[in-house]
Every structure is written in C-alpha cells, then in structure tokens.
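# Structural characterization, general
What follows is the residue order along each chain.
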Amino acid sequence: MNLVEASEGEVKIRVPEFDDSQGPKEKGDGVFYNPSMEKSRDIFISFLKSWAQKDLSLLDGMAASGIRGIRALKETPISKVTMNDISEEAVNLIRKNVEKNSVQANITHESVEKHIIKNRYDYDYIDIDPFGTPVPYYPLAARCVSHQGVVGVSATDTAVLSGTYPKTCLRKYSSKPANNWCRHENGLRILIAYCAREAARHDRWIRPLLSYFEGHHFRTYLQIGEGKRKADDCLKKLKHIRFDERGWRTKNLKVEDCSGPFWTGQLFSEKVLQNMEKIGKLDEDLLEQWKSECSFDPLFYDTNKISSTLKVAPPPIDEIMEILEEKGFKTSRTHFSPTGLKTDAPYRELEELFIELSE
Ligand SMILES: C[S@@+](CC[C@H](N)C(=O)[O-])C[C@H]1O[C@@H](n2cnc3c(N)ncnc32)[C@H](O)[C@@H]1O
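This write-up is about the structure you can find in this document. The model shown is predicted, which means the values in this text are computed figures rather than measured ones. (Residues numbered from 1 in each chain as written. Predicted model: local features only at pLDDT ≥ 70, side-chain atom pairs only at ≥ 80, totals over all residues. Heavy atoms only, no water.)

## Let's talk about the nonpolar core
Residues Phe47, Tyr138, Tyr173, Ile206, Leu210 and Trp290 are the most contacted members of the largest nonpolar core, which totals 90 residues. Once you skip the residues sitting within four places of it in the chain, tyrosine 138 turns out to touch Val151, Val153, Tyr194, Cys195, Glu198, Ala199, Ile206, Leu222 and Ile224. (Core = buried A, V, L, I, M, F, W, Y, C linked by side-chain atoms within 4.5 Å. Buried < 20%, exposed > 50% of the residue type's maximum accessible area, 1.4 Å probe, protein only. Contact = heavy atoms within 4.5 Å.)

## Quick look at the packing of aromatic side chains
Aromatic ring pairs are defined here through the distance separating the ring centres and the angle between the ring planes. The full count for this structure, using the stated rule, is 15 aromatic pairs. Each ring, one from phenylalanine 47 and one from tryptophan 51, has its centre 6.1 Å from the other, and the planes form 10 degrees; the classification is stacked. Here the residue phenylalanine 47 and the residue tryptophan 51 both occupy positions in helix α1 (residues 38-51), the gap between them amounting to four residues, near one helical turn. Taken individually, phenylalanine 47 and tryptophan 51 each receive the classification buried, so the pair is uniform in this respect. Their ring planes at 85 degrees and their centres at 5.5 Å tell us that tyrosine 173 and tyrosine 194 sit as a pair that is edge-to-face. Placement of tyrosine 173 in helix α7 (residues 166-173) and of tyrosine 194 in helix α8 (residues 183-200) is noted, with a sequence separation of 21 residues between them. Under the relative-accessibility criterion, tyrosine 173 is labelled buried at 0%. Here the aromatic residues Phe44, Phe47, Trp51, Tyr125 and Tyr221 are joined through ring pairs into a cluster of three or more. Against the face of phenylalanine 296 rests lysine 330, its NZ or CZ located 4.5 Å from the ring centre. (Phe/Tyr/Trp six-rings, centres within 6.5 Å; stacked < 30°, edge-to-face > 60°. Helix = DSSP H or I, 4+ residues; strand = E, 2+ residues; numbered from the N terminus. Lys NZ or Arg CZ within 6 Å of the ring centre and 35° of its normal.)

## Notes on helix α11 (residues 284-293)
The set of residues buried in α11 consists of Leu286, Leu287, Gln289, Trp290 and Glu293. Along the axis of α11, the buried residues cluster in a sector spanning 160 degrees; they form a single face. Opposite the buried face of α11, by more than 90 degrees, sit the exposed residues Glu284 and Asp285. On its buried face, α11 sits against α1, β8 (204-214), α10 (270-279), β14 (331-334) and β15 (337-343). Sitting at the amino-terminal end of α11 is aspartate 283, which places a side-chain oxygen 3.0 Å from the backbone nitrogen of aspartate 285. (Arc of directions from axis to C-beta. Polar contact = N/O pair within 3.5 Å; in protein donor to acceptor, adjacent residues only side chain to side chain.)

## Quick look at the environment of asparagine 304
Structurally, asparagine 304 can be placed in helix α12 (residues 303-310). Look at asparagine 304 and you get partly exposed, because its relative accessible area is 37%. Measuring from C-alpha to C-alpha, the distance between asparagine 304 and aspartate 55 comes to 48 Å, with 249 residues separating the pair along the chain. Sequence-distant contacts of asparagine 304, that is, excluding residues within four places in its chain, are made with Pro314 and Thr339.

This is the structure we're talking about:
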C-alpha cells in the first residue's frame, strides 16, 4: 500500500494513494479513504460541536484510516474516542495516524457488531459508516448507544433507497420506494423509517437531529433513547403515501396503491442547525438551505414536472416563490433537488400560477 499525506480540517494523515478523478478505491483494495467525503466529515465535526458541549464517549465503529475519530479528537471537546475496524491493515494505519497527530485514542480490531455488544451503553455517540447499506450494523447501535445518545448512520445504497431496485429495498428496509421527483427525500425517509422501527423493537425512540442527501449518500444523526410511549409515537410517524400526477396524499388510501412506509416526522432539529450556524466553518448556503426547509411538511413539488404536465415553459422558481409568498403561502427550495419547491400552497394554486405566468 503506497501512502501519501492528506490534510482535512485540522489534521494531516497518511492514506493510501488516491486519484481524485477516479473516486474512492474499491473495498478490499487497501484501506478506504475517499477525499470527496471531506464535506460529509466537515458536517460531522460541525454536528458534534453543536451537539456535544461536554466530554462524551465516541465510537468510530468503521474507522478505515481513522480520519473521523482523529478529527473529532482534534476539532471538538470530545476526548474519549475509540476507533475500530475489522481490517488489520486499517487498524495498523489508524495507529500510525493517531501517533502522527499526537492524540490519545482507544484502537480496536474486531467487527463493529461484536464491539458494540461488548460495550453496551458505554458510548454516547456511535458512527456507522459502511460500504453500502447500514442494515447489518444499525440495529445493534440503536440498541446499545447510551440513553439519549446519538447514532450517525450513512447509507450509500442510494439507488436501492431511491427506487431503482424496489425488491431489494423491500427486503432490506421493509418499505416500497417511489422512484419519482421526490426520490431522494423518499429514500432518506425510508432509511429513517427503518431506523425508527428497529429502535422501537427495543422500546427505544429516535429523534432525527440532522438528516440529508449529499451526492452519493444519505446520512442521518439520530438521537435515541429509552421509552415505550415515545417509541409508539415514532411509529405513528411512519406513513404510506400515494403519489400521483398532481402530488401526493397520506389519507384515505389503499395500501396496495401506495409507496412506503416513510418517516413523516422532522429531518432536522432547528436548535442543532442554529448551533451549527453559530459555530460557523460550514458551507453557509447549505446551512441556510437546511434551515429554510426544516419546518416544512415532507415532500415537495417539482417545477419542471408541473411545467411539462401543463405543457408550459417553467417559470423561474424565485418568481413563483415571491408570488406565492405575497399570497400568504410559505415557500422554500429544498436541498433534495434544484428544481424542487416546498410550499403549503395546494397544487391547483401552482397550476393556475404556472398558466398565468406562461401567458
Ligand atoms: C466506508 S469505510 C469507512 C470510512 C471512514 N469512516 C471514513 O470516513 O473515511 C468502511 C470501513 O468499514 C470497515 N468494515 C467493514 N465491515 C466491518 C465490520 N463488520 N466491522 C467493523 N468494520 C468493518 C471496512 O474495513 C472499512 O474500513
């Protein structure tokens, strides 16, 4: 394995040689390091700082080069970090990188499943960052994180969750996906629905603090705690949705005509976003976008789709938003799609507006 130096945030680490234009190395090919995930790790650091104001214990369960855990030690108040990986090569590299950055960490070499069970309730934060689906690992993290701790979960099987492989999605996540203009929001809401169900099996509730789609992955930071009643309340937020040409419905449905279940609760905590803003250092446009959409109900309209259904040219989204707001409706763009529009205006209002603007 040829090593080169990479720098991210406040750390410099040794990583396998990579070619920026080629994307990440395949699994099994040395130790995994994907420079294009730096933004995801910047968000991770900003989230940790906004949530963990005191010294908590953190498990970087699938640590690879150790980049997440080392950044947490260098850039946040957290000082109790365990970095674990099943690969011996990865663990050797983590040791070198920990030494290079003069930090103290517990380094373990075993399956994350085994590690979590052995250390039940010891961690306040568990990071699950696998290749592909988190399904083999998340249930144990949800069960064993400390009461009101957080599990950070990545899923890179975006095609499965977004509806390209519906049978796989049903098998892995017990939800029927919907491959339409909301596919990425649908995918994230299927992932969170799965997370809520798995937690509820152990009388635990979830509260999403920060959840997003970015490029080629979904990521959600879930606060998890004990409580049968709150777990029941979470399950009430899992709903089937019927999509049609004019939008979507959640009431008076025949389940066989629907997609889902989807998580229909919040994706973000407003407080966490405010704290992240105060801390700064993160892409301001991204934070503004999340803040703007976080108080809206699920799902959005697609302006291109409405235009093509009505056979009119798509009006500029900013103009549509301005007119709707003048009429007293709430509007926001969404990070899920550049042509998406969140609003409490009914579909027929949009229809009339699109026709009016095209005349
Ligand atoms: C996508 S990489 C993690 C990337 C890393 N978190 C980062 O931000 O660069 C997945 C890692 O999980 C490790 N892994 C796979 N299965 C595992 C298991 N069951 N337990 C622990 N580690 C595992 C792999 O060896 C690999 O290093």
